[in-house]
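Architecture at a glance
The chain contents come next:
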Amino acid sequence: MGILDFVFPKSCFGCGREGRYLCLNCIAKCFPAKPICPYCKHHSIDGVTHINCRKKLGIDGLTSVWEYEGVIRKAILSLKYKYATEIGNEISDYLINSLRAKILPSVQYLTPIPIYWYRQNTRGFNQSLEIGKRVADSMNLRFIPDLLIKNKSTVSQVELSGEKRKKNLQGSFSLYPHNSSFTTPNSVFLFDDVFTTGSTMMEAAKVLKRAGVEKVWGLTIAR
Ligand SMILES: [Zn+2]
Ligand SMILES: [Zn+2]
């Protein structure tokens, strides 16, 4: 227990009970995200992209753990603000537990999508990176913090819709200029907090596929 716990005791985002930001009771009430094809958003076993929906430089599937609502939504939104580290740790633990029960594709690497957090976290701390690292470690995936970099400051995606979102994102990512000893991984989980339209993830996947990554899956906390 740190000094902050005495000044501001942790209480659950859902029920207000003291002790944690996400109590077991409230997390158990969160709905698991149904597996869908990331393109047409219809049901798909284990989240595999339908054969007919596949794109040449697209993502091969999507794993999301919870529906984006309730306490999970509150917790994710809070990651940008105060006490982000502890909230992030609690989310990571629940996330890892849930992922252990899922059928996951054979993917060797995990990298976070470099967007959103850098700009918006008031502490300048990339919480998605921290959660991604914990998830990777526990799932025996190799973690690459900087496979992709963000090129330009995009207008907040929230304010845009459909085609405008896509346009706004075009060219926004590129491969980090690793030195020549760096081998481009074969299979990658692109990690993000929330999957909404998927436009961000698809833009990031395009860059990875162009660079020679054969398999790209999306992995998000919520959808
Ligand atoms: Zn609770
Ligand atoms: Zn589909």
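Residues numbered from 1 in each chain as written. Chains lettered and ligands numbered in written order. Predicted model: local features only at pLDDT ≥ 70, side-chain atom pairs only at ≥ 80, totals over all residues.

A closer look at the sheet that holds strand β7 (residues 215–222)
Taken in spatial order, the five strands line up as β1-β7-β6-β2-β3 in an open sheet, and their pairing is parallel. Of all the strands in the sheet, just β1 (61–66) and β3 (142–143) have a single pairing partner and so form its edges. Sheet topology places strand β2 (residues 109–112) next to β3; two bridges connect them, and they run parallel. By the bridge assignment, Tyr109 is partnered in β3 with Arg142. Running at roughly 105° to β7, helix α3 (residues 70–78) makes contact with β1, β6 (187–194) and β7 of the sheet. Across the face of the sheet, helix α8 (residues 199–210) comes into contact with β6 and β7 while running at roughly 160° to β6. (Pairing = 2+ DSSP bridges. Helix = DSSP H or I, 4+ residues; strand = E, 2+ residues; numbered from the N terminus. Contact = placed C-beta atoms within 7 Å. Axes fitted to C-alpha atoms, helices over the stretch in contact; angles between N-to-C directions.)

Digging into the packing of helix α4 (residues 84–100) against helix α6 (residues 127–138)
Axis angle and axis distance: for two packed helices, these are the angle between their axes and the distance between the axes, and together they describe the pair. Interaxial distance between α4 and α6 falls to 9 Å at its minimum, and their mutual angle equals 35°. Here the hand of the crossing between α4 and α6 comes out right-handed. Every residue of α6 that contacts α4 at Ala84, Gly88, Ile91, Ser92, Leu95, Ile96 and Leu99 is listed here: Gln127, Glu130, Ile131, Arg134, Val135 and Ser138. Each residue belonging to the contact of α4 with α6 can be placed in one class, and the counts come to seven nonpolar, four polar and two charged. (Left-handed = near helix turned anticlockwise from the far one by under 90°. Nonpolar A, V, L, I, M, F, W, Y, C, P; charged D, E, K, R; others polar.)

Side note on the pairing of β6
Within β6, six of the eight residues are buried, which leaves it mostly tucked inside the rest of the structure. Here four bridges tie β2 to β6, and the two strands are oriented parallel to one another. Pairing of Pro112 across the sheet is with Phe191, part of β6. Remark: the β6/α8/β7 crossover connection has right-handed handedness. (Buried ≥ 20, exposed ≤ 12 C-beta atoms within 10 Å, placed from the backbone. Right-handed = clockwise from strand over helix to strand, strands pointing away.)

A closer look at the nonpolar core
If you look at the biggest cluster of nonpolar residues, it comprises 52 residues, and the most contacted ones within it are Leu22, Ala75, Val188, Phe189, Leu190 and Ala204. When residues in this core are grouped by element, the largest group, six residues, is from α8. Beyond its immediate stretch of four places on either side in the chain, Leu22 contacts Cys12, Phe13, Ile27, Val71, Ala75, Glu90 and Tyr94. (Core = buried A, V, L, I, M, F, W, Y, C linked by C-beta atoms within 7 Å.)

Focus on the environment of Val135
Tracing the backbone shows Val135 in helix α6. With 43 residues separating them in the primary sequence, Val135 and Ser92 have C-alpha atoms 6.6 Å apart. If we ignore the near neighbours within four places in the chain, the residues touching Val135 are Ser92, Leu95, Ile96, Leu99, Leu110 and Phe191.

Regarding the environment of Leu169
Counting through the fold element by element, Leu169 comes out in helix α7 (residues 163–169). A sequence separation of 18 residues divides Leu169 from Asn151, and the C-alpha atoms of the two residues are 9.9 Å apart.

Considering unusual backbone geometry
At Asp46, a position not held by glycine, the phi torsion is positive, near 55°. Structurally, Asp46 can be placed in the loop between α2 (24–28) and β1. The exposure class assigned to Asp46 is exposed, which follows from the 12 C-beta atoms found within 10 Å. Here the phi dihedral of Asn140 falls at roughly 55°; this positive angle occurs in a residue that is not glycine. When you line up the elements, Asn140 lands in the loop between α6 and β3. Asn140 gets classed as exposed once you count the C-beta atoms within 10 Å, which come to 7.

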